[in-house]
Amino acid sequence: MSFFDYRDGVLCAEGVALPVIADAVGTPVHVYSAGALRHAANAFMSALRGLPSARFAFAVKANPNGAVLRLLAECGYGADIVSGGELRRALDAGIAPADVVFSGVGKTDQELIDALEAGIGQFNLELEEEGRVLAQLARRRGMRAPAVLRVNPDVDGGTHAKITTGRRTSKFGVDIAGASDMYDRLAQLDGLDLQGVALHIGSQISDLEPLEAAYRRIGALVLDLRARGHPITRVDLGGGLGIAYRPEDVMPSLAAYAAMVARVTRDWNVSLTFEPGRIITGLAGVLLTRVIWVKPGLSHPFVIVDAAMNDLARPALYDAYHRFAAVRPDGTTMVANIAGPVCETGDMFGTDRTIDHVARGDLAVFHATGAYGAAMASSYNSRPISPQVMVDGDRFELVGDRTLPFDTPAPLGCKPRTAGSVFDAELTQAA
Ligand code: LLP
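Residues numbered from 1 in each chain as written. Predicted model: local features only at pLDDT ≥ 70, side-chain atom pairs only at ≥ 80, totals over all residues. Heavy atoms only, no water.

Summarising the element assignment, glutamate 128 is placed in helix H6 (residues 128-140). Judged by its relative accessible area of 17%, glutamate 128 is buried. Excluding anything up to four places from it in sequence, glutamate 128 contacts Met182, Arg185 and Leu186. (Helix = DSSP H or I, 4+ residues; strand = E, 2+ residues; numbered from the N terminus. Buried < 20%, exposed > 50% of the residue type's maximum accessible area, 1.4 Å probe, protein only. Contact = heavy atoms within 4.5 Å.)

The structure is reproduced here in structure tokens:
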């Protein structure tokens, strides 16, 4: 099911033609589909709902937009957070503190205190000392902090090196080899209510095998901890499921994932937590952009768009592929390099790509930008953080404003503008 489709030759987000959004808000703009968000959120939950007491905490880092978080909260999602800022956004979106899980390898004392005082449901400990500090902070407040120990299972997620987290050499979790002894020590602390273990081996995982291997390792750890007398009631299986960015990408189905989880965890007798990010919001967003120039190149032209690596960092950071499509395709194609205006050679969205034919002034999109798109935006080159729009049926709403950080007084381009103003319409027509 696609929520971004052509109607009468024009790409629409649900019932709204994208040129209407470009006219109202300007470009570049991140456009989300509420229908696509609900669809993905419900599909993930219903695939796993059969499992005993599964809990769902959306990984806020994938898309921290308030409107997105509110919608997911309505669908029954809690939040997996990694900073005080994400805590605030989750609570502002109406997510109950008890449904918040605090991951992250470097939580500051202030962040721990704020989360304790908010009454969050679970701290995922990344090292023994963090457990001791948290226990102390909790005891001083007459509290016991609900916590699990994040374990590093030493399994390669088989994904891009920069987003694999489950190898022993990475900074995340505690080495599984010493995890039981550490658990024994942490379980003795008054200020901690240690309830189980957690893992997360990476993101954009396209194969169930490494996930299964990691889950089996943690299952063996659960048995060992029980044998040591610990009442293990929670296991947090993290996130990581990938999405299809290219038309030819084949990803494991949710049904296959759910069947694997059911098989592996059958005898664990725990409440499972899932922390999905990308699979919930990734396909629910596009980055709408306008072609500034088609500049001749050595072998192929450069299609220079008004979106850049500051709006969508994934291609520059991970050589990630995002499908490019014209909003009003004329049925012909061209081979081109797609580039942003930022003054870095790496500000490229693709090279030697066969794409819809586009010309100066045309609108186009990068697909599948709903996760780690706007979330990773910067204002590099003093480009504003792009606005965000939520479409629901045939209505749309501005849910994130164009802003330019660094306190520039009255910055140029910070007011919503009409799309045409990027160009001088008369000149464009005359050309
Ligand atoms: N839980 C933890 C502890 C995580 O570190 C992450 C992602 C997630 C859950 C959610 O993972 P997901 O279901 O979205 O794969 N910026 C990169 C992705 C970084 C992911 C970091 N951790 C990208 O654009 O590909």
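This part is about the site of the ligand. Every one of the 19 residues lining the ligand counts as a neighbour, but Ser203, Glu275, Arg278, Arg314 and Tyr372 are closest to it. Protein contacts shield 91% of the accessible area of the ligand, which totals 590 Å² for the unbound molecule. A domain-level breakdown of the shell around the ligand finds at least three residues from each of domain 1 (4-33 + 282-430) and domain 2 (34-281). (Near = heavy atom within 4 Å. Areas by Shrake-Rupley, 256 points an atom, 1.4 Å probe, with all protein chains shown as cover. Domains from an automatic or database assignment.)

Attention now moves to the pattern of salt bridges. Counting across every chain of the model gives 15 salt bridges. Here glutamate 126 and arginine 150 are joined by a salt bridge, their closest N and O atoms 3.0 Å apart. You can see glutamate 126 sitting in the loop between strand E8 (122-125) and H6 and its partner arginine 150 sitting in strand E9 (residues 145-152), a full 24 residues away along the chain. A relative accessible area of 8% means that arginine 150 is categorised as buried. (Salt bridge = Lys/Arg side-chain N within 4 Å of Asp/Glu carboxyl O.)

Among the nonpolar cores identified, the biggest contains 89 residues, and Phe44, Tyr77, Phe123, Tyr215, Tyr257 and Phe274 are the most heavily contacted of them. A total of 8 residues in this core trace back to one element, the largest contributor, which is helix H8 (residues 208-227). Core analysis: the next-biggest nonpolar cluster, separate from the first, contains 19 residues, Val10, Ala22, Val29 and Val286 among them. (Core = buried A, V, L, I, M, F, W, Y, C linked by side-chain atoms within 4.5 Å.)

This brings us to the pairing of strand E11 (residues 192-198). Of all 7 residues making up E11, 6 are buried, and the element is well covered by its neighbours. Examined bridge by bridge, E9 and E11 share 6 bridges and lie parallel to one another. When the bridges of E11 are listed, alanine 147 appears paired with leucine 194. Pairing between E11 and strand E12 (residues 234-236): 3 bridges, direction parallel. Bridging across to E12, glycine 196 finds its partner in arginine 234. (Pairing = 2+ DSSP bridges.)

What follows concerns the packing of aromatic side chains. When we look at a pair of aromatic rings, we describe it by the centre distance and by the angle of the planes. A full pass over the atoms with the stated rule returns 8 aromatic pairs. With a centroid separation of 6.0 Å and 85° between ring planes, the pair formed by phenylalanine 44 and phenylalanine 56 is classed as edge-to-face. Pair noted here: phenylalanine 44 is in helix H2 (residues 34-48) and phenylalanine 56 is in strand E5 (residues 55-59), with a separation of 12 residues, a long-range link. A residue is classified by how much of its surface remains accessible, and phenylalanine 44, at 3% relative accessible area, is buried. Ring centres of phenylalanine 44 and phenylalanine 274 lie 6.1 Å apart, and the angle between their planes is 80°; this geometry places the pair in the edge-to-face category. In this pair, phenylalanine 44 sits in helix H2 while phenylalanine 274 sits in strand E13 (residues 271-274), placing the two residues 230 residues apart along the sequence. By the ring-pair criterion, three or more aromatic residues cluster together here, those being Phe44, Phe56, Tyr77, Tyr257 and Phe274. Above the face of the phenylalanine 102 ring, lysine 107 is positioned so that its terminal group lies 5.6 Å from the ring centre. (Phe/Tyr/Trp six-rings, centres within 6.5 Å; stacked < 30°, edge-to-face > 60°. Lys NZ or Arg CZ within 6 Å of the ring centre and 35° of its normal.)

Bringing unusual backbone geometry into the picture now. For the bond from threonine 27 to proline 28, the omega torsion is -5°, close enough to zero to count as cis. A positive phi angle is found at alanine 368, which is not glycine, with a value near 55°. Here alanine 368 is to be found in the loop between strand E19 (363-366) and strand E20 (388-392). Backbone geometry at serine 382 places phi at a positive 50°, although glycine is not the residue there. Looking at the secondary structure, you find serine 382 in the loop between E19 and E20.

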